[in-house]
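# Structure assessment
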Protein chains: 2
Amino acid sequence: MTRQQLVECIFQQQSYLCVGLDPDLDRFPPSVLETDDPIFTFNKAIIDATKEYCVAYKLNLAFYEAHGLSGWQSLQRTVEYLPDTHFKIADAKRGDIGNTSKKYAQAFFEAMPFDAITVAPYMGADSVEPFLAFDDKWVIILALTSNEGSQDFQFMSEGGEQLHERVLRTAQSWGTTENLMYVVGATHPEQFKNIRQIAPDHFLLVPGVGAQGGDLKAISEYGMNQDVGLLVNSSRGIIYAGGKVDDFAEKAGHAAQSLQEEMQGYLSAFLK
Amino acid sequence: MTRQQLVECIFQQQSYLCVGLDPDLDRFPPSVLETDDPIFTFNKAIIDATKEYCVAYKLNLAFYEAHGLSGWQSLQRTVEYLPDTHFKIADAKRGDIGNTSKKYAQAFFEAMPFDAITVAPYMGADSVEPFLAFDDKWVIILALTSNEGSQDFQFMSEGGEQLHERVLRTAQSWGTTENLMYVVGATHPEQFKNIRQIAPDHFLLVPGVGAQGGDLKAISEYGMNQDVGLLVNSSRGIIYAGGKVDDFAEKAGHAAQSLQEEMQGYLSAFLK
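Fair warning: this is a prediction, and the values are worked out from it, not measured in the lab.

Cut-offs applied
- Residues numbered from 1 in each chain as written.
- Chains lettered and ligands numbered in written order.
- Predicted model: local features only at pLDDT ≥ 70, side-chain atom pairs only at ≥ 80, totals over all residues.
- Heavy atoms only, no water.
- Contact = heavy atoms within 4.5 Å.
- Buried area = accessible area lost by both parts, 1.4 Å probe.
- Salt bridge = Lys/Arg side-chain N within 4 Å of Asp/Glu carboxyl O.
- Polar contact = N/O pair within 3.5 Å; in protein donor to acceptor, adjacent residues only side chain to side chain.
- Least-squares fit on C-alpha atoms with pLDDT ≥ 70 in both.
- Helix = DSSP H or I, 4+ residues; strand = E, 2+ residues; numbered from the N terminus.
- Buried < 20%, exposed > 50% of the residue type's maximum accessible area, 1.4 Å probe, protein only.
- Pairing = 2+ DSSP bridges.
- Axes fitted to C-alpha atoms, helices over the stretch in contact; angles between N-to-C directions.
- Phe/Tyr/Trp six-rings, centres within 6.5 Å; stacked < 30°, edge-to-face > 60°.
- Parallel < 35°, antiparallel > 145°, perpendicular 65-115°, else oblique.
- Left-handed = near helix turned anticlockwise from the far one by under 90°.
- Core = buried A, V, L, I, M, F, W, Y, C linked by side-chain atoms within 4.5 Å.

## Re the interface of chain B and chain A
- On the side of chain A, 59 residues touch chain B, which itself brings 59 residues to the contact.
- Roughly 5,000 Å² is buried in total at the junction of chain B and chain A, and carbon and sulfur atoms are behind 62% of that figure.
- Broken down residue by residue, the surface that chain B buries against chain A is led by B:Tyr122, B:Phe153 and B:Met156, which jointly contribute 19%.
- On the surface where chain B and chain A come into contact, there are six salt bridges.
- Among the ionic pairs, B:Asp24 bridges to A:Lys103, the shortest N-O distance being 3.5 Å.
- On the surface where chain B and chain A come into contact, there are 26 residue pairs in polar contact (both at pLDDT 80 or more).

In structure tokens:
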């Protein structure tokens, strides 16, 4: 998907919501667990109920891999079921030496129809570049993550520049605003102004709203650029909104709708 | 596998060689490509031919995932075929927020019988700790990688401490010498003295010998500790030693044997 297509989709849906599909059998209602492929059954119902309110889906690979072969099968079915209109993110946090990253790129961009993959920056340029060689495919580099452990290394500072700032700056020479985004956690709303000074035009994928407590308003106010430039993800806050009930998908739809409506307001208020 | 078992295995085999199974169809001989499961056929032959000379196998996940479902199937067959006597590493470079890392740990330590998984440190403590909750299982944290991109961030310095040094120091509070190793690339032989000052007792997994040009002698001289403390990996240099020939496995065996013999010499020369 191109940047232009993504931006058009955002304006059409009046939403920059990304729904995170982190399927956890322990949180599924019994009616789902009884089906042949519970993960796909669950995801399909969630997708049908939320697609009207979001522009992207993020599949957290760990939740599929945890089930071995059958999980990989559910992953494949899910990504193939996702509507063409929506941006498809493999939340894989991959990244390895060049010849290996190339194989990962084939896995997610050729063997499966993902639009984007999340990549950890620790190994530097040659671990990221193979992902950038595919037309209309995106790399989403971890800059400032939403978890507590983000404090351990990401704020390390040299010459007044912190590690996550250096990642934001350095990676701009690897790709463009048309094929490179950054992960910036919603749990650091105070950082968005600064991040927008370093990377004013790039899209940011923002996890951590909902279960992790991020503040959607602050993120939108300080993170939005002229093309919106935000994909805000909620996983658990949407897909488990109703608990283990038969109408879990309807409840997820309501949760997604409520975020979409909030976003619609911010689109009028904060768009540059 | 416990540290004691690993150390005993090293002394018994007179080897600290890890063979990297990075199966690449483009480099397989035609006779292998004709089989039902070429990746498993290739790996099985390599394992049979090299197990006498090594103590560990490292499976590079990308090379399996690139083939989608069938690759995942070959991965599962391969890890189940590996001898119990050998240390089994999932070279996955995973790492995510806590609830996600827990799922990855289940994938590799429960759904599959790996002994260890490589993890990227960028996301900090809570991305690593879930892997450390499994008895006799290991986390191998990227400290200083073998690729060119290691220059981009890993030498960033604050207060006289470089990022990879901080990773080496900080991660010691997350695990012990019984469940935590570090990746240190063979392409930085000049760094091993310094790394051994920061982490004298931990095992190091050392990729980059062979195709990437690392110097086995220097690494052994400066990296060995009282328990050997090294697993030196070669992937392409062993498994593709013979090219696309029918006796590729025999050639791989010779390449592994030659490294083992070199290591046997260093074990007498450099063991502290």
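## Brief notes about the relation of the copies chain B and chain A
- For these two chains of identical sequence, chain B goes onto chain A by a turn of 180° and a shift of 0.0 Å along the axis, with RMSD 0.0 Å. A rotation of that kind, with that shift, is consistent with a two-fold axis. Among all residues of chain B, the minimum C-alpha distance to the rotation axis is found for B:Glu158, at 2.7 Å.
- Interface overlap between copies is the fraction of interface residues in one copy that are interface residues in the other; for chain B against chain A it reaches 100%, indicating a shared surface.

## Some words on the pattern of salt bridges
- Counted by the stated rule, this structure contains 28 salt bridges over all chains.
- For the salt bridge of A:Lys44 with A:Asp48, the shortest nitrogen-to-oxygen distance reads 3.7 Å. Separated by four residues within a single helix, A:Lys44 and A:Asp48 lie in helix α3 (residues 38–50), roughly one turn from each other.
- For A:Lys44, a relative accessible area of 33% translates into the label partly exposed.
- Because the salt bridges share partners, they merge into one network encompassing A:Lys58, A:Asp91, A:Lys93 and B:Asp96.

## Some details on the side chain of B:Asp96
- The topology assignment puts B:Asp96 in the loop between β3 (87–94) and α6 (98–110).
- Exposure remark for B:Asp96: the relative accessible area of 2% places this residue in the buried category.
- A distance of 2.7 Å separates the side chain of B:Asp96 from the side chain of A:Lys93, its partner in a polar contact.
- Ignoring anything within four residues of it in the chain, the contact list for B:Asp96 reads A:Asn60, A:Asp91, A:Lys93, B:Ser101, B:Tyr104, B:Met123, B:Asp126 and B:Ser127.

## Quick look at the environment of B:Gln212
- In this structure, B:Gln212 sits in the loop between β9 (203–206) and α11 (216–223).
- Spatially, the C-alpha atoms of B:Gln212 and B:Val32 are 26 Å apart, while their sequence positions differ by 180 residues.
- Ignoring sequence-local partners within four residues, the contact set of B:Gln212 consists of A:Ile97, B:Ser146, B:Asn147, B:Thr187 and B:Arg236.

## Structural notes on the sheet that holds strand β2 (residues 56–60) of chain A
Residue and element names in this part refer to chain A.
- Spatially, β1-β2-β3-β4-β5-β8-β9-β10 is the arrangement adopted by the eight strands of the closed barrel, whose pairing is parallel. Across the sheet, the mean angle separating the axes of adjacent strands is 30° when strand polarity is ignored.
- Pairing analysis gives three bridges linking strand β1 (residues 17–21) to strand β10 (residues 230–234), with the strands arranged parallel. Its bridge partner being in β10, Val19 is matched across the sheet by Ser234.

## Regarding the packing of aromatic side chains
- With the rule as written, the count across this model stands at 19 aromatic pairs over all chains.
- Site record: aromatic cluster; members linked through ring pairs are A:Phe28, A:Phe42, A:Tyr240 and A:Phe248.

## With respect to helix α9 (residues 163–170) of chain A
- Within α9(A), seven of the eight residues are buried, leaving the element largely enclosed by the surrounding structure.
- Burial in α9(A) covers these residues: A:Leu163, A:His164, A:Glu165, A:Arg166, A:Val167, A:Leu168 and A:Thr170.

## Here's the deal with the packing of helix α3 (residues 38–50) of chain B against helix α13 (residues 248–270) of chain B
All names here are of chain B.
- Viewed as axis vectors pointing N to C, α3 and α13 meet at an angle of 40°, and their least axial separation amounts to 8 Å. Taken together, the axis directions place α3 and α13 in an arrangement best described as oblique. As for how α3 packs across α13, the hand of that crossing is right-handed. Between α3 and α13, the contacting residues are Phe42, Ala45, Ile46, Ala49 and Thr50 on the first element and Phe248, Ala249, Ala252, Gly253 and Ala256 on the second.

## Quick notes on the nonpolar core
- Membership of the largest hydrophobic core comes to 204 residues, with the highest contact counts inside it found for A:Tyr16, A:Phe108, A:Leu231, B:Tyr16, B:Phe108 and B:Leu231.
- Discounting chain neighbours no more than four positions away, the residues touching A:Leu231 are A:Leu6, A:Ile10, A:Tyr16, A:Val55, A:Ala56, A:Phe87, A:Ile89, A:Met181, A:Phe203, A:Leu204, A:Leu205 and A:Val206.

## Quick notes on unusual backbone geometry
All names here are of chain B.
- Positive phi outside glycine occurs at Gln14, with the angle close to 50°.
- With respect to the helices and strands, Gln14 occurs in the loop between α1 (3–13) and β1 (17–21).
- Of note, Asp136 is a non-glycine position whose phi angle comes to about 60°, a positive value.
- Among the secondary structure elements, Asp136 is positioned in the loop between α7 (125–128) and β5 (138–144).
- Since its relative accessible area comes to 45%, Asp136 is described here as partly exposed.

## Describing the side chain of B:Asn147
- Mapped onto the secondary structure, B:Asn147 falls in the loop between β5 and α8 (150–153).
- Taking relative accessible area as the criterion, B:Asn147 reaches 6% and is therefore assigned buried.
- Here A:Asp126 takes part through its side chain, which lies 2.8 Å from a polar atom of the side chain of B:Asn147.
- Dropping the residues within four chain positions of it, B:Asn147 is found in contact with A:Ile97, A:Met123, A:Asp126, A:Ser127 and B:Gln212.

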